[in-house]
Amino acid sequence: GGVFEGALLISRWVGACLSEPAVIQHVRPTECVPVHETIEEIVNKCRDQLAPSASIEDVLGVINKVLYREFGLRKNAENYHDFDNNRVDKVLYKKTGIPITIAIVYHEVGSRLGLTLNLVNFPRHFLLSFRDSAGTTLYIDCFNDGDVLTRAQCLQLCPMANIDDKDYYFQTTSSLQVMVRLINNFIAFGQIVPIHHDRAFFALNLFKIMSYLAPNDYESAVHAMNLSLDLRIKCNFLKKFSCIEPDIWSKYCRRVGQAAESLKEHLTIKRTKPEHVRFAIGSVMLHRRYNYTCVLYGWDEACTMSESWQRRMGISQLENQENQPYYKVLADDDSERYVAQENLLETRSEFIGHRDVGKYFSLYDGERFVPNAALKTIYTYLNND
């Protein structure tokens, strides 16, 4: 069915999940739009304006004219984290979206017009690539009215991300990888909308989609298993991930039963925040050396990692070495890190789309991440905020 049909399937699954009041509250009634008819209408308008001998540059120019100027599709920069921006049917209904969903619509239109457009899973953005009449590979920034960019110009799309010129960032991605990114977007964006406190069950529903669409996706299987362990519930749909071998499944089943006790054993209650711990949980920070953005979800008064870890990470090269607060952070590259206080700088707040944001925070209010009830059981002083 292609990337467009896959995105539509996910959107409809999400719509079914959102209709359950136990999962999400305060969601507008689902708007309807004749999705395939709308796409076909856009395609027909393009055909009407194309000469039989049109070059690929001509076709792209017509698509841009019809899709952006006549149909009115535009970027939703003002409300980027609107949950509906990830749903292609909603994007066609509201005529606003984000890079990935606008690119999916553009890709579908171009494909129906006979173009070969490739999906590019670019960091913090999403692009399409094509070969022009001279055989040069160029890139389409669908989020910005179909601008055609060179490779060097693409690297300027996210100047704060300090992205290097690596072939990896420009590789053609599969429809399946696009679906994975969409699902991760849903999980991350779901932290902002007013979801019931059992929002994690909503995320599990999304991983259930992955068990059908990508049964060999080991990373998604592991994420889903960890989430279910956090919830201390057994999810039988995980058996649909064919990459989970019988011995791993057996260990998982045992760990579900042991999760509550395991958490208690490793729980260190922090009832106050010392003055020398400068930064607050939920703050968005910038790493002084590596330039990634992150959100703080925990801290220790001094480094608690082993000596071998400290040697490997070069802690002795820091001014205050291990004798300073260290913070547990979720980084914008989807990694989880342990960072010395002297390496962190306050920065302009932005949403961090890490897959584990929902484990520690209930929402993002535009300035900071708000700790959830589970995090407040560890850092009890947060209950006074």
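From a predicted model like this one, the values you see are computed outputs, not experimental measurements.

Engineer: So, the overall build of the protein chain: which residues are in play, and what are the values?
Structural biologist: A tally of regular secondary structure across the protein chain gives 13 helices and 13 strands. Counting over 385 residues, the protein chain shows a buried share of 48%. Taking the contacts inside the protein chain whose residues are at least 6 apart along the sequence as the reference set, 60% of them involve residues at least 24 apart. With the model as given, the accessible surface of the protein chain reaches about 19,200 Å², and the carbon-plus-sulfur share is 48%.

Engineer: Go over the packing of aromatic side chains with me, naming the residues and quoting the values.
Structural biologist: Under the definition given, this model contains 19 aromatic pairs. Ring centres of Tyr-80 and Phe-143 lie 6.0 Å apart, and the angle between their planes is 85 degrees; this geometry places the pair in the edge-to-face category. Taken together, the residues span a long stretch of sequence, with Tyr-80 in the loop between strand E1 (74-75) and helix H4 (88-94) and Phe-143 in the loop between strand E5 (137-141) and strand E6 (147-149) at a distance of 63 residues. By relative accessible area, Tyr-80 is classed as partly exposed at 28%. Residue class for Phe-143 comes out buried when judged on its relative accessible area of 10%. Taking 6.4 Å as the distance between ring centres and 85 degrees as the angle between the ring planes, the aromatic pair formed by Tyr-379 and Tyr-381 counts as edge-to-face. What makes Tyr-381 buried here is its relative accessible area of 12%. Each residue in the set Phe-122, Tyr-139, Tyr-169 and Phe-170 is aromatic and connected to the rest through ring pairs, giving one cluster. Lying over the aromatic face of Trp-299, Lys-270 brings its terminal NZ or CZ to 5.0 Å of the ring centre. Over the ring of Tyr-292 we find Arg-337; its NZ or CZ atom is 4.2 Å from the centre of that ring.

Engineer: I'd like to hear about the sheet that holds E6, residue by residue, with values.
Structural biologist: One open sheet accounts for 4 strands, arranged E3-E4-E5-E6; its pairing is antiparallel. Each end of this open sheet is capped by a strand with a single partner; those strands are strand E3 (118-120) and E6. Each strand of the sheet is rotated relative to its neighbour by a mean of 35 degrees, with strand direction disregarded. Where E5 lies against E6, 3 bridges are found, and the strand directions are antiparallel. When the sheet's bridge partners are listed, Tyr-139 is paired in E6 with Leu-149.

Engineer: Any details on helix H5 (residues 99-112)? Residues and values, ideally.
Structural biologist: Taking 1.5 Å as the rise per residue, H5 with 14 residues should run 20 Å; its terminal C-alpha atoms sit 20 Å apart, in good agreement. Taken across its 14 residues, H5 has 12 buried, putting it largely inside the fold. For H5, the complete set of buried residues consists of Pro-99, Ile-100, Thr-101, Ile-102, Ala-103, Ile-104, Val-105, Tyr-106, His-107, Glu-108, Val-109 and Gly-110.

Engineer: Give me the lowdown on a nonpolar patch on the surface, citing residues and values where you can.
Structural biologist: A cluster of nonpolar residues, Leu-9, Leu-176, Tyr-212 and Leu-213, forms a patch on the protein surface that exposes about 350 Å² of accessible area. Along the chain, Leu-213 turns up in helix H8 (residues 199-213).

Engineer: Lay out the sheet that holds strand E7 (residues 284-287) in plain terms, naming residues and giving numbers.
Structural biologist: If you walk across this open sheet you meet the 5 strands as E10-E9-E8-E7-E11, and the pairing is antiparallel. Taken across any chain shown, the strands that pair with only one partner, and hence form the sheet edges, are strand E10 (336-340) and strand E11 (344-346). Between one strand and the next, the sheet's axes are offset by a mean angle of 50 degrees, whatever the strand orientation. As paired elements, strand E8 (residues 293-300) and strand E9 (residues 326-331) share 6 bridges and run antiparallel to each other. Among the inter-strand pairings, Val-295 is bridged to a residue of E9, identified as Leu-330.

Engineer: Which residues make up the packing of helix H2 (residues 35-48) against H5, and what are the values?
Structural biologist: Close contact between H2 and H5 brings their axes to 10 Å; oriented N to C, the two are set at 55 degrees. The angle between the axes of H2 and H5 places the two elements in the oblique class. In the crossing of H2 with H5, the sense of the turn from one axis to the other is right-handed. Where H2 abuts H5, its residues His-36, Ile-39, Glu-40, Ile-42, Val-43, Cys-46 and Arg-47 lie against Val-105, Glu-108, Val-109 and Arg-112. Partitioning the contact of H2 with H5 into residue classes produces 6 nonpolar, 1 polar and 4 charged.

Engineer: Got a sec to walk through the environment of Asn-118? Specific residues and values, please.
Structural biologist: Among the structural elements, Asn-118 can be located in strand E3. What makes Asn-118 partly exposed here is its relative accessible area of 27%. C-alpha separation for the pair Asn-118 and Thr-172, spaced 54 residues apart in sequence, amounts to 5.8 Å. Those residues in contact with Asn-118, other than ones at most four positions away along the chain, are Leu-127, Leu-128, Ser-129 and Thr-172.

Engineer: So, the confidence of the model for the protein chain: which residues are in play, and what are the values?
Structural biologist: In low-pLDDT regions, the fine details of the predicted coordinates are not to be read closely. Model confidence for the protein chain is summarised by a mean pLDDT of 84, while 86% of its residues fall at 70 or above. Counting contacts from residues 20-31, a segment whose pLDDT is below 50, to residues more than four positions away or on other chains yields 22 contacts. Counting contacts from residues 194-198, a segment whose pLDDT is below 50, to residues more than four positions away or on other chains yields 10 contacts.

Engineer: Can you break down the packing of H2 against helix H3 (residues 56-70) residue by residue, with the values?
Structural biologist: Axis angle and axis distance: for two packed helices, these are the angle between their axes and the distance between the axes, and together they describe the pair. Contact geometry for H2 and H3: axes closest at 9 Å, N-to-C directions at 130 degrees. Considered as vectors, H2 and H3 are oriented oblique to each other. Of the two possible hands of crossing, H2 and H3 adopt the one that is right-handed. Across the interface between the two elements, Ile-42, Lys-45 and Cys-46 from H2 touch Val-62, Ile-63, Val-66, Leu-67 and Glu-70 from H3. Split by residue class, the contact of H2 with H3 holds 6 nonpolar, no polar and 2 charged.

Engineer: Can you explain the nonpolar core? Please cite residues and give values.
Structural biologist: Ranked by internal contacts, the top residues of the largest apolar core, which has 103 residues, are Ile-63, Leu-67, Ile-104, Tyr-106, Leu-238, Phe-361 and Phe-369. No other element matches the 9 residues that helix H7 (residues 175-189) contributes to this core. Dropping the residues within four chain positions of it, Ile-63 is found in contact with Cys-46, Tyr-68, Tyr-106, Val-109, Gly-110, Leu-113 and Leu-115. Grouped together as the second largest cluster of nonpolar side chains are 9 residues, Phe-122, Tyr-139, Leu-155 and Phe-170 included.

Definitions and limits used
- Residues numbered from 1 in each chain as written.
- Predicted model: local features only at pLDDT ≥ 70, side-chain atom pairs only at ≥ 80, totals over all residues.
- Heavy atoms only, no water.
- Helix = DSSP H or I, 4+ residues; strand = E, 2+ residues; numbered from the N terminus.
- Buried < 20%, exposed > 50% of the residue type's maximum accessible area, 1.4 Å probe, protein only.
- Contact = heavy atoms within 4.5 Å.
- Areas by Shrake-Rupley, 256 points an atom, 1.4 Å probe, with all protein chains shown as cover.
- Phe/Tyr/Trp six-rings, centres within 6.5 Å; stacked < 30°, edge-to-face > 60°.
- Lys NZ or Arg CZ within 6 Å of the ring centre and 35° of its normal.
- Pairing = 2+ DSSP bridges.
- Axes fitted to C-alpha atoms, helices over the stretch in contact; angles between N-to-C directions.
- Expected span 1.5 Å × (residues − 1).
- Patch = residues over 30% accessible without salt bridge, like charges linked within 9 Å, V, L, I, M, F, W, Y side chains within 5 Å.
- Salt bridge = Lys/Arg side-chain N within 4 Å of Asp/Glu carboxyl O.
- Parallel < 35°, antiparallel > 145°, perpendicular 65-115°, else oblique.
- Left-handed = near helix turned anticlockwise from the far one by under 90°.
- Nonpolar A, V, L, I, M, F, W, Y, C, P; charged D, E, K, R; others polar.
- pLDDT = per-residue confidence, 0-100.
- Core = buried A, V, L, I, M, F, W, Y, C linked by side-chain atoms within 4.5 Å.

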